[in-house]
Amino acid sequence: MAWWKSFKAKLFLAFSGIAFLILFSTGFALYSFNQFGDAVDNTAEVTIPGMIAAMRLSEQSTLLVAIAPILAASEEEEELRETGIRIDRLIESIRNSVGFLIAQEGQADEEVIFRISMQSEELGKKLSDLKDKSLRQLLLKNSLRSVLKEVQKSHNEFADTVSPVIYGTSSLTSLFGKRTARQISSAIKDLPKAEKTDSATDSAYDEVAKFTQKSVSELTESAIREMGYALDIKAEGSLLFALLHAGAETDSTDTLTDIRSRFKNSRSSFQQAAAIFKNSKLAQRNPVLAENVYELDKRISALGQGEKSVFELRGQVISVREDIRQVLSESRELAARMAKQINNLVLGVQTDMTTLQKSTKESKHTGESVLLLICAGCLIFSALIAAITIRVISRHEHDLMTAKENAETAQKTAEAVNKKIIDSIQYAKVIQTSLLPNPENIRIHLPDSFFIWMPRDIVGGDILFAESVENGFILAVIDCTGHGVPGAFMTMIASSALRRIVKDECCHSPAEILRRLNFIVRNALQQDTGYATSDDGLDAAICFIEAGNNGQETKNGFVCNPPLDAQRLTFAGAMLSLYSVHQNEISVIKGDRQNVGYKKSDPNFRFAEHSFSIEKGTAFYMATDGFTDELDTDNRRFGTVRFKYLLKEIASMPFEKQGEILLKAFEVHKGNKQRQDDVTVAGFGF
């Protein structure tokens, strides 16, 4: 009998087959587990940190570009210094992020990272140059303001001087006229009285007539001459001061040159009139007045000529402003290139992560299939040798436990990363909440009021703004593009812009606030350029409540004495309306059909402003569209009609109760559906 037919040979062959399957399954399992472990390690140590670093780099570069217009628009040296410090910190953070990406082993495109590093350094130099030019512009404006104060002072003194000149000239002319009249009267009285005409009488009459004609002619010429130089001094002097003021306000070099030329010509005429006045009878009678005219001529010359003149300073301001615009334009172009490189880098990291996930899933699927086949083979051979089969099964169970432990380790790693992200968003909510006004502080000025602010996610795109200003109080409801983190970023831009407009620029007109807010948002997001990658903006409703009671200065600014003695309310809106209820009648003042900050938002649009006296017992409401657009379980909107009816029903109730009723009505309408949008409502009354 052939040896291979023997029991021992068969047993040996069976054992060898089982041993081969066991060895193969063990080796393949180890290989699969090692591949899975390497994928997890690469994800935890390289891919996820690289993704976070790339996203942080994108965020930092966006902030750096957004700060540049703020730096150029700084009006105070301290503000300029603080903005410069922020820019330096951002550049340092960008260097750190780039350094981290370079240090990561296996990064996809080192050339892209190197270009980003070089572009960030170049952008830092541009912004440093922008800071220097902004500081020079600020110093030049301060110098120009000082010179303009001197111009105003000289203008006042000119007005005080030219009036006595004209009055003196008129009085002197009147005096000479009376003297001439007396001389003519005396000559007429001395004429011989005769009943008939003879040659002697005719001769005397002819002499008196000639004397009268000569005297009147001399008086007329003198009056015209004296009054002429007086009027020339007044007209040319007024023109000179008008040209100085116009020169200080012009933004065009050509216009400034034209005004300067006209100033030179007018000053020549003024000097001629002043020279004539110096030799006039009035100047001889009143040397102090003549000296004042002479001093004014010297001061006007100093204000219009020299390095510290109005025209020279304004010319330097215009030149520096053009340089700033050029640097801003170059910075935006450089930032656009840098943003493109960063986006490519983020896309590359995302692609690597997607590829890694796909590869891991395929490897896992293949491993599972092979392991199933091996297990099937082992089960067939287990009928021959039970002990060997049990050993194989035991070993396989051990391998499964190891895979489970590795999977649990990977899950914990992913949960830790997710927790960090959630914690970051939670902290962003703390930051966004700190931007909101304290309702208790608002109730100091508006005791009858309530406020609802409910972001759809952890953070949102709605925000309230309240500020006590001189002789009043400003309250605004803002609805920014988007929800969550993007919306929160927009609220930070809007809140910062509003504080700058209201507090720094002291603008209290709601329509003007919207116009400036439109400019700042479009400029901050570079949506006023052709290469802008975003198209975001906001809707707003702004009220200025004018108070009758006096305010007081505090370390935080001007605060009206609470409670607010409201007399007038001025409203302007961009897509949002103001609701008012008085004597059970509701009125709606609609905002303009014009958004704020978008690419297509008209930068020259003039928002309509509505101003009216406040009647006692009137309740006012402002709300974002998140309340009226909310859908119920049948996908029906809450609706503006229902919202107005609800306001009309609750207007006579205490405001705290009104807020509770609105919230309850909103939740009943929404049911168990997830909220669609951020919701903000402000109500107040007098």
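Because the structure is a prediction, the values reported are computed rather than measured.

Criteria and cut-off values
Residues numbered from 1 in each chain as written. Predicted model: local features only at pLDDT ≥ 70, side-chain atom pairs only at ≥ 80, totals over all residues. Heavy atoms only, no water. Pairing = 2+ DSSP bridges. Helix = DSSP H or I, 4+ residues; strand = E, 2+ residues; numbered from the N terminus. Axes fitted to C-alpha atoms, helices over the stretch in contact; angles between N-to-C directions. Contact = heavy atoms within 4.5 Å. Expected span 1.5 Å × (residues − 1). Buried < 20%, exposed > 50% of the residue type's maximum accessible area, 1.4 Å probe, protein only.

J.: Just to check I follow, could you spell out the sheet that holds strand β1 (residues 449–454) for this structure?
T.: Strands pair in a sheet through their backbones, by hydrogen bonds, and they do so in one of two ways: parallel or antiparallel. The sheet built from 5 strands is open, its strands ordered β1-β12-β11-β8-β9 with antiparallel pairing. The sheet terminates laterally at β1 and β9 (585–589), the two strands that pair on one side only. Each strand of the sheet is rotated relative to its neighbour by a mean of 15°, with strand direction disregarded. Where strand β8 (residues 578–582) lies against strand β11 (residues 619–623), 4 bridges are found, and the strand directions are antiparallel. Opposite Val581, over in β11, you have Ala619 as the bridge partner. Those strands touched by helix α14 (residues 640–650) are β8, β9 and β11, and its axis lies near 35° from that of β8. Against the sheet, helix α15 (residues 655–670) contacts β1, β11 and β12 (679–685), and its axis sits at roughly 30° relative to β1.

J.: In this structure, what is going on with helix α12 (residues 510–524)? I would like to understand it.
T.: Every α-helical turn comprises 3.6 residues, leaving residues that sit three or four positions apart pointing alike. Here α12 is 15 residues long and its end C-alpha atoms lie 21 Å apart, about the 21 Å a rise of 1.5 Å per residue gives. Most of α12 is tucked away, with 12 of its 15 residues classed as buried. What α12 keeps buried is the set Pro510, Ala511, Glu512, Ile513, Leu514, Leu517, Asn518, Ile520, Val521, Arg522, Asn523 and Ala524. Gln526 lies just past α12 and shows a positive phi near 60°.

J.: Could you clarify how one ought to interpret the sheet that holds strand β3 (residues 472–480) in this entry?
T.: Pairing is antiparallel in the open sheet, where 5 strands are placed in the order β2-β3-β4-β7-β10. Every other strand in the sheet has two partners, leaving β2 (462–469) and β10 (610–613) as the edge strands with one partner each. Put simply, the sheet's adjacent strands are angled 15° from each other on average, direction ignored. As judged from the 8 bridges shared by β2 and β3, these two strands associate in the antiparallel manner. Its bridge partner lying in β3, Phe465 is registered against Ala476.

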